[in-house]
Each structure stands twice: as C-alpha cells, then as structure tokens.
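Chains, contacts and geometry: an overview
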Amino acid sequence: MGFTCGIVGLPNVGKSTLFNALTSTAQAEAANYPFCTIEPNVGRVSVPDERLEKIAALSKSARIIPTFLDFADIAGLVRGASKGEGLGNKFLAHIREVDAIIHVLRCFEDENVTHVEGRIDPIADAETVETELMIADLESLERRADAAAKKAKGGDRDAKAQFDLMQLALAPLRAGRAARTANIPADQLRDWQALQLLTSKPVLYVCNVDEESAASGNAQSEKVAQWAADQGAGCVVIAAAIEAEVAQIADPDERREFLAAMSLTETGLARIIRAGYQLLALITFLTAGPKESRAWTVRRGAKAPEAAGAIHSDFERGFIRAETIAYDDFIACGGETGAKEAGKMRSEGRDYVVRDGDVLLFRFNV
C-alpha cells in the first residue's frame, strides 16, 4: 500500500530543493526559472521512528526496515492553470494522483531568485494555488453533476446518490472554500474520495525561510502559521537550503553538530515526514524477530486483517488472529518472551482495531 504526498507551489519557491533534500538525491533539477520540473519526480523516504531501533535491539534483529512515504515533486503552478496556463491540465492531473498536498511557500527575500509574480507574499501565493484548484474542482464537478442529475431523473438511484454527494462539495466551492471543508458522513467517505477532488486532499503548508530564520521562523512564516491554523491545516518551518546541506552529511555525529550550530535539534525534513504521516491519518505497527524488525503503515482505524494484508494478501485472506503486544509493554518487559511471561501478549481477532506502535505476530491459514 503506497501513500504519496505531492509537493506543490508556485515556481521558484524551493520545491525541488526540498525534494532533493528529502530523498537525498539530485533527481530533481533545481534551477532559477519556472517549469524546470515538468514530469513529477517521485522519491521514497523512510519515516523516522526511534521505536523501531529499540525493538530491534531487544529482538537482536539482523535487519531493520523502516516504513516509507512517497513524495512527488510536481511542476510549479501559475495563475490561470485551471484555464491551461503554464503546464495547466498536466499539473492538475498530477495533483489528482497524490493522497495529500505539501504546499511550499516562499518566506524569504533573495534578489537573485526571481518570483513569478514579482513579490514575496506567501499568503497570496497560497491563495493563488488554492483558487486555481477550486476553479478546476468547480468546473469539473458542475459538468459531472449535470450528467448525474439527468441519470437521476431517469430513476438511476446510484446517480441520485452521487448527485447528492456532489452537492455537498459544490456548496463550499461556490462560496469560495475548499471541498475539504464539507461535512461528509463517515459512511460516504469512500465515495467522496472517488470524486478525486483536488481541494478535498489534506494540506500541509511548508514555510521555506532564510537560513537565519530556520530555528524560529520569521514574520512571513508566522503569518502563514496563523492562516493555516484558521483553515485547520498544518504548518512546518524549514530552510530548504540548510536541509539540502544536511542531507549530504553522512556521519550522524557530524549531522548533529551541524544542526546544533544552526540552533536546530532535528531536521525540518523529519518534521515534514512525520507531519505528512499524520496528514494522511496513518499509524505504524511493528513486527520483530531475529531476522528483522520492521515498521508497517496502515490507515488509522484499520482492523487486524487489514494490517495483516499490509504484509501479504495471504495473511489477510487466511487471517486467524493477531498476537499483540503494546510497544510500551514490549520495551518494559525486555522483548517478546518477557511480555509473554508477564501476560502482556494478547490474542486479538478480526474486529481488533490496530493501535499505533502495536507489535504484532499474525496467525493465518491459506
């Protein structure tokens, strides 16, 4: 099961520099001109989780395998994209394919890096992108709603249900608000996602600041943080230039020293990855043994068979039970054997909702 966060924003805000740092590669060309990214680059990034190393040490695992998120570097959007300006429909199609949006905003002054609209105003930049996405959603939905309405008049119940769901999205869009602000009943969420609305996707705003502001942010990033909070969105402050340098330092001790010199305790990338994980409402469960300790990703609220399926479809199809140890119990008891002896291992059935950090062993029969 893959989860992809699309990195978007206006040209020259630092998207490709951030992507390069995230993936510790030079896959994306970083250049001072619009549209240097045309086809989206995709990189797989491990999710930082210190719990994994701790259970691996107790289990004397030969290998440690983290869980991953995919990040896609999508070409810069410009005003008028919904009408075909810039890369227009291609840009919008690329956003439609991701699960969540990482929206990079320029919060730094640099006369050597041009701004596509000739000014530094991250709120205006955010509104430009959001407006283009809302226009694209509105035009697409109105066409589809008209078609569904005609079918509904002919007695098609599925079309009637789809039409009613579309109205829930059209109401905020016509009022100038993103589709994600609509109140969707829980039993309709799957159908809601099938609409593939650009503005229904969760958003994290990333403020790209100058190096001096990396630790505490600046006036521009403070405005964005308040603006994001008003919209119920997350916000992370980074200096993409620093992150690019840190990504090239292989030695962990040297990396820590470099960060300390910048008054940072961790990389901004780690915060973005964790925030992206939370943005997608994901949790991690763990498996442990002498061969390997491994982290796995499932959506929050997943039941035990679904978690088993994240490892292999046979595990889900033939699911019998999940032998479960809470992470804190696993650590406190010194590993699986100690947890068993202390009565901390539970046998959970098909209806068990997996919790973040559960250490699981699945029993199955195919």
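Everything that follows concerns the structure shown earlier in this document.
Let us look at the structure shown here.

Criteria and cut-off values
- Residues numbered from 1 in each chain as written.
- Predicted model: local features only at pLDDT ≥ 70, side-chain atom pairs only at ≥ 80, totals over all residues.
- Heavy atoms only, no water.
- Helix = DSSP H or I, 4+ residues; strand = E, 2+ residues; numbered from the N terminus.
- Buried < 20%, exposed > 50% of the residue type's maximum accessible area, 1.4 Å probe, protein only.
- Contact = heavy atoms within 4.5 Å.
- Areas by Shrake-Rupley, 256 points an atom, 1.4 Å probe, with all protein chains shown as cover.
- Axes fitted to C-alpha atoms, helices over the stretch in contact; angles between N-to-C directions.
- Parallel < 35°, antiparallel > 145°, perpendicular 65-115°, else oblique.
- Pairing = 2+ DSSP bridges.
- Salt bridge = Lys/Arg side-chain N within 4 Å of Asp/Glu carboxyl O.
- Core = buried A, V, L, I, M, F, W, Y, C linked by side-chain atoms within 4.5 Å.
- Expected span 1.5 Å × (residues − 1).
- Arc of directions from axis to C-beta.
- Polar contact = N/O pair within 3.5 Å; in protein donor to acceptor, adjacent residues only side chain to side chain.
- Phe/Tyr/Trp six-rings, centres within 6.5 Å; stacked < 30°, edge-to-face > 60°.
- Lys NZ or Arg CZ within 6 Å of the ring centre and 35° of its normal.

Overview of the overall build of the protein chain
Per the secondary structure count, the protein chain includes 14 helices and 12 strands. In the protein chain, buried positions account for 48% of the 366 residues. Expressed as a percentage of contacts within the protein chain between residues at least 6 apart in sequence, the contacts between residues at least 24 apart total 68%. For the protein chain, the accessible area works out to roughly 17800 Å², and carbon and sulfur atoms hold 48% of it.

Focus on the packing of helix α1 (residues 15–23) against helix α10 (residues 268–279)
Closest axis-to-axis distance for the α1/α10 pair is 10 Å, and the angle between their directions is 90°. By the angle between their directions, the pair α1 and α10 is classed as roughly perpendicular. For the pair α1 and α10, the contacting residues are L18, A21 and L22 in the first and L269, I272 and I273 in the second.

A look at the pairing of strand β2 (residues 41–46)
Of the two faces of β2, the one lined by N41, G43 and V45 is fully buried and the one lined by V42, R44 and S46 carries no buried residue. Bridging between β2 and strand β4 (residues 68–73) involves six bridges; their strand directions are antiparallel. Each bridged residue has a counterpart across the sheet, and for S46 the counterpart in β4 is F68.

Some details on the pattern of salt bridges
Pairing of side chains with opposite charge becomes possible as their charged atoms draw close. Counted under the stated rule, the structure contains 16 salt bridges. Among the ionic pairs, D314 bridges to R317, the shortest N-O distance being 2.5 Å. Residue D314 and its partner R317 are located together in helix α12 (residues 313–317), separated by three residues, close to a single helical turn.

Focus on the pairing of strand β5 (residues 100–106)
The buried count for β5 comes to seven of seven residues, which makes it a mostly enclosed element. Of the two faces of β5, the one holding A100, I102, V104 and R106 and the one holding I101, H103 and L105 are both buried throughout.

Let's talk about the nonpolar core
L18, L69 and F71 are the most contacted members of the largest nonpolar core, which totals 61 residues. The element contributing the most residues to this core is α10, with six residues. Residues contacting L69, with those up to four places away along its chain left out, are F3, G43, R44, V45, V47, I273, G276, Y277, L280 and L282.

Points about the sheet that holds β2
Two pairing modes exist for strands in a sheet, parallel and antiparallel, and in both the strands are linked by backbone hydrogen bonds. With mixed pairing, the six strands of this open sheet are ordered in space as β2-β4-β1-β5-β6-β7. In this open sheet, the two edge strands, each paired with only one partner strand, are β2 and β7 (234–238). Neighbour to neighbour, the strand axes of the sheet diverge by 25° on average, direction disregarded. As paired strands, β5 and strand β6 (residues 203–208) are joined by six bridges and run parallel to one another. If you follow I101 over to β6, its bridge partner there is V203. Across the sheet, helix α4 (residues 122–153) touches β5 and β6, and the angle it forms with β5 is around 145°.

Thoughts on α4
Here α4 is 32 residues long and its end C-alpha atoms lie 46 Å apart, about the 46 Å a rise of 1.5 Å per residue gives. Phi turns positive one or two residues past the end of α4, at G155, with a value near 95°.

Section: helix α7 (residues 219–230)
Working note: α-helix, 3.6 residues per turn, so residues spaced by three or four point in the same direction. In a regular helix each residue adds 1.5 Å, so 12 residues correspond to 16 Å; α7 covers 17 Å between its end C-alpha atoms and thus fits that length. For α7, the set of buried residues is Q220, S221, V224, W227 and A228. Relative to the axis of α7, the buried residues are bounded by an arc of 120° and lie together on one face. The exposed set on the far side of α7, more than 90 degrees from its buried face, consists of A219, E222, K223 and D230. Close packing links the buried residues of α7 with β5, α4, β6 and β7. Two or three places before Q220, at the start of α7, stands the capping residue N218, its side-chain oxygen 3.1 Å from that residue's backbone nitrogen. G232 occupies a position one or two residues after α7 and carries a positive phi of about 70°.

Here's the deal with the packing of aromatic side chains
Under the counting rule described, the total for this entry stands at five aromatic pairs. Summarising the aromatic geometry, the rings of Y205 and W227 are spaced 5.3 Å apart at their centres and angled 70° between planes, so their arrangement reads as edge-to-face. Of this pair, Y205 sits in strand β6 while W227 is found in helix α7, placing the two residues 22 residues apart along the sequence. Using a relative accessible area of 16% as the deciding quantity, one classes W227 as buried. Cluster of aromatic residues (ring-pair linked, three or more members): F285, W296, F319 and F362. Stacked on the ring of Y327, the Lys or Arg R51 has its end atom at 6.0 Å from the ring centre.

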